[in-house]
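Descriptive structure summary
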Amino acid sequence: MLIVMGLDSPRSDIDKVIQKIVELNCTPHEIPGSSKLAIGITGQTHLLKEEDFQMMHSVQEVVRVTKKYKLVSRQMKSDDTIINIDGNSIGGKELCIIAGPCSVESRDQTFAIAEQLKKMGIKFFRAGAYKPRSSPYTFQGLKEKGLEILAEVKEQFDLKIVTEAMNSQSLNQVAEVADIIQLGARNMQNYSFLEEVGQLRKPVLLKRGMSATVEDLLLSAEYIAAQSSYNIILCERGIRTFETSTRNTLDLNAVPVIKQASHLPIIVDPSHGVGIWDKVPQMALASIAAGADGLMLEVHHDPENALSDGYQSLTPKRFKELLNKLSDLAPIVNKELKLYEYSNNPA
Ligand code: PEP
Ligand code: MN
């Protein structure tokens, strides 16, 4: 259920509505939009009656949200959510580019890539310290050591860190370093873990599970939002289909479908979606043409010797070429790509 109030409603009226929701054993969520204030209600809302709220001061409307997901739905909030991370926005006009290697492999490797990306004006650096690998015999990530390296990169280059949390045991350590906690495809439906991550109230990048529908993805986002954690970035990263010529099938239909269904930002990871480096630039451009708010791309200075996902990684040079094309494309879809070139000392 959703209570619509004017943005200029007196605080005392808003507090009375919130108090009433709590008295009825439900949870209130204040969601301000550009013209209205929505107060979302989660919990046993079928037990609530519209009349409980209709007569209260400053209440304009009481709406039953018909979708299974509520807080993340467009019905709850018609404006796009723009997430602000220390002045860097995700979900607005500016395209958000998250780039970096699949894994933290060593200090030298991570610093070499981070330095080149920083010089290109990239603000969000990705790299996994904990890696969910399909085979138990492949590189599993540097774990704590990897987080230490990421903390150094963050400090040295003033980059925002996006890194995956794989389980409860390492969640708090990951959260200390991460500006955005990545939840991987394999964990998208680990509901108790989604709740734990939600309780931290930190920005989350939620990747679509490989066999998950768009509705499944939005319901997983709802698990996080239900913990009053609203800074959620959705990520399309390809799904499993009968097609074997690429690693996954990048479902770009999901972008406009999600834009209509949800107010959350949606970015695309064509590196995992395609799995072959030379097809990544085309699908990156297609993602932005489809209306995505940004991209997550794997970049490695020595892809042939990468310990994970080298085959789908762009070299910094190829990545730079793609950035130039993205800058040209952005205004056509009413977006912009701001790149600040750093010439000498990147820090
Ligand atoms: C990754 O980003 O390196 C990764 C493991 O992604 P996914 O969870 O989409 O497979
Ligand atoms: Mn990877």
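Notes on the structure in this doc start here.

Attention now moves to empty space enclosed by the protein. In this structure the tally under the stated criterion is one cavity of 30 Å³ or more. One number sums up the size of the largest cavity: a volume of about 110 Å³. Residue lining of the largest cavity: 13 residues in total, with Glu 94, Leu 95, Cys 96, Ile 97 and Lys 123 positioned closest to the centre. Where the lining of the largest cavity is concerned, the elements lending two or more residues are β6 (88-90) and β7 (96-100). Classifying every residue of the lining of the largest cavity by side-chain character gives seven nonpolar, three polar and three charged.

Turning next to the site of ligand 1. Taken together, Cys 102, Arg 126, Lys 131, Glu 164, Gln 182, Gly 184, Ala 185, Arg 186, Lys 207, Arg 237, His 272 and Glu 298 make up the full set of residues adjacent to ligand 1. Side-chain polar atom of Gln 182 to an oxygen atom of ligand 1: 2.9 Å apart, as the coordinates give it. For ligand 1, the protein covers 97% of the area, taking 300 Å² as the surface of the free molecule. Counting atoms within 2 Å of the grid points, the majority share of ligand 1 lands in the largest pocket. When grouped by side-chain class, the residues that make up the shell around ligand 1 number two nonpolar, three polar and seven charged.

Before going further, it helps to examine the nonpolar core. Membership of the largest hydrophobic core comes to 78 residues, with the highest contact counts inside it found for Phe 125, Leu 206, Leu 234 and Phe 319. Viewed by domain, this core spans two of them, domain 1 (2-63) and domain 2 (83-333), each represented by three or more residues. The contacts of Leu 206, once residues within four sequence positions are left out, are Leu 183, Met 188, Leu 194, Leu 217, Ser 220, Ala 221, Ile 224, Ile 232, Ile 233, Leu 234 and Cys 235. Core analysis: the second largest hydrophobic core is formed by 16 residues, Ile 3, Val 17, Cys 26 and Ile 41 among them.

Judged by pairing direction, the sheet is antiparallel, and its four strands sit side by side in the order β2-β3-β1-β4 without closing on themselves. The open sheet has two edge strands, β2 (27-32) and β4 (59-63), and neither has a second partner. Each strand axis lies, on average, 20° off the axis of its neighbour in the sheet, ignoring direction. As judged from the five bridges shared by strand β1 (residues 2-6) and strand β3 (residues 36-42), these two strands associate in the antiparallel manner. Bridge pairing links Met 5 to Leu 37 in β3. Strands β1, β2, β3 and β4 of the sheet are contacted by helix α1 (residues 11-23), whose axis makes an angle of about 145° with β2.

Now for the packing of aromatic side chains. For the coordinates displayed, the defined rule picks out two aromatic pairs. Their ring planes at 20° and their centres at 4.5 Å tell us that Tyr 191 and Tyr 223 sit as a pair that is stacked. Taken together, the positions of Tyr 191 in helix α6 (residues 191-200) and Tyr 223 in helix α7 (residues 214-225) put the pair 32 residues apart, joining distant regions of the chain. In this arrangement the basic side chain of Arg 107 is found over the ring face of Phe 111, its NZ or CZ atom lying 4.2 Å from the centre.

Around the barrel, which closes on itself, the eight strands sit in the order β7-β8-β9-β10-β11-β12-β13-β14 with parallel pairing between neighbours. On average, each strand axis in the sheet is tilted by 25° relative to the strand beside it, whichever way the strands run. Pairing of strand β9 (residues 160-164) with strand β10 (residues 180-183), which is carried by three bridges, proceeds in the parallel orientation. Its bridge partner being in β10, Glu 164 is matched across the sheet by Gln 182.

So, on to the pairing of β2. Examined bridge by bridge, β2 and β3 share six bridges and lie antiparallel to one another. Its bridge partner being in β3, Pro 32 is matched across the sheet by Leu 37. Hairpin remark: β2 followed by β3, antiparallel, with three residues in the connecting loop.

Looking now at the coordination of the manganese ion (ligand 2). On the protein side, the manganese ion (ligand 2) has Cys 102 (SG), His 272 (NE2), Glu 298 (OE) and Asp 309 (OD) as donor atoms, found 2.0 to 2.4 Å from it. Here the donor residues of the manganese ion (ligand 2) share one chain and are spaced in sequence as C-x169-H-x25-E-x10-D. With Glu 298 in strand β14 (residues 294-298) and Asp 309 in the loop between β14 and α11 (316-329), this pair connects stretches of sequence that are eleven residues apart. Taken individually, Glu 298 and Asp 309 each receive the classification buried, so the pair is uniform in this respect.

This part is about the environment of Pro 270. Tracing the backbone through its elements, the reader meets Pro 270 in helix α9 (residues 270-274). Classification of Pro 270 by relative accessible area gives buried; the value is 0%. Separated by 26 residues in the primary sequence, Pro 270 and Met 296 place their C-alpha atoms 7.3 Å from one another.

Criteria and cut-off values
- Position numbers for residues start from 1 in each chain and track the written sequence from start to end.
- Chains carry letters and ligands carry numbers; both start at the beginning, A for chains and 1 for ligands, and go up in the order they are written.
- In keeping with the predicted nature of the model, local features appear solely for residues at pLDDT of at least 70, side-chain atom pairs appear and are counted solely at 80 or more, and the whole-chain, interface and lining totals rest on all residues.
- Computation of side-chain values covers all heavy atoms of the structure but excludes hydrogens and water.
- Think of a 1 Å grid over the protein atoms and nothing else: a 1.4 Å probe that fits but is trapped marks a cavity, an open set flanked by protein within 12 Å on at least five of seven lines marks a pocket, and residues with an atom within 4 Å of a point count as lining.
- Grid points are joined across faces, edges and corners, and a volume is the space filled by probe spheres set on the points.
- The way it works is that DSSP assigns letters per residue, a run of H or I at least four long becomes a helix, a run of E at least two long becomes a strand, and they are numbered from the N terminus.
- Residue type decides the class: Asp, Glu, Lys and Arg count as charged, Ala, Val, Leu, Ile, Met, Phe, Trp, Tyr, Cys and Pro as nonpolar, and the leftover types, Gly among them, as polar.
- Any residue with a non-hydrogen atom lying within 4 Å of a molecule or strand is treated as near it.
- Any pair of nitrogen or oxygen atoms within 3.5 Å is treated as a polar contact; in protein, a donor-acceptor pairing is required on top of that, and neighbouring residues in sequence qualify only through side-chain atoms on both sides.
- Per-residue and other accessible areas were derived by the Shrake-Rupley procedure at a 1.4 Å probe size, with only the shown protein chains allowed to occlude residues.
- Throughout, a molecule is located in a cavity or pocket provided that more than half of its atoms lie within 2 Å of its grid points.
- We call a set of buried residues a nonpolar core when its members are Ala, Val, Leu, Ile, Met, Phe, Trp, Tyr or Cys and they connect through side-chain atoms within 4.5 Å of each other.
- The rule is simple: take the accessible area with a 1.4 Å probe, protein chains only, and divide by the maximum for that residue type; under 20% is buried, over 50% is exposed, in between is partly exposed.
- Either an automatic procedure or a domain database provided the assignment from which the domain bounds are taken.
- What makes two residues a contact is simply this: any of their non-hydrogen atoms within 4.5 Å.
- Pairing between two strands is assigned when DSSP locates at least 2 bridges connecting them.
- To get an axis, fit a line to the C-alpha atoms, keeping to the stretch in contact for a helix; angles then go from 0 to 180 degrees between the N-to-C directions.
- Classification of ring pairs uses Phe, Tyr and Trp, with its six-membered ring standing for Trp, and accepts pairs whose centres are within 6.5 Å; under 30 degrees between planes counts as stacked, over 60 as edge-to-face, and the remaining range as tilted.
- Criterion for a charge above a ring: Lys NZ or Arg CZ within 6 Å of the ring centre, and within 35 degrees of the ring normal.
- Sites may look incomplete because water is not among the atoms; the donors themselves are N, O and S atoms within 2.8 Å of the metal, or within 3.2 Å for Na, K and Ca.

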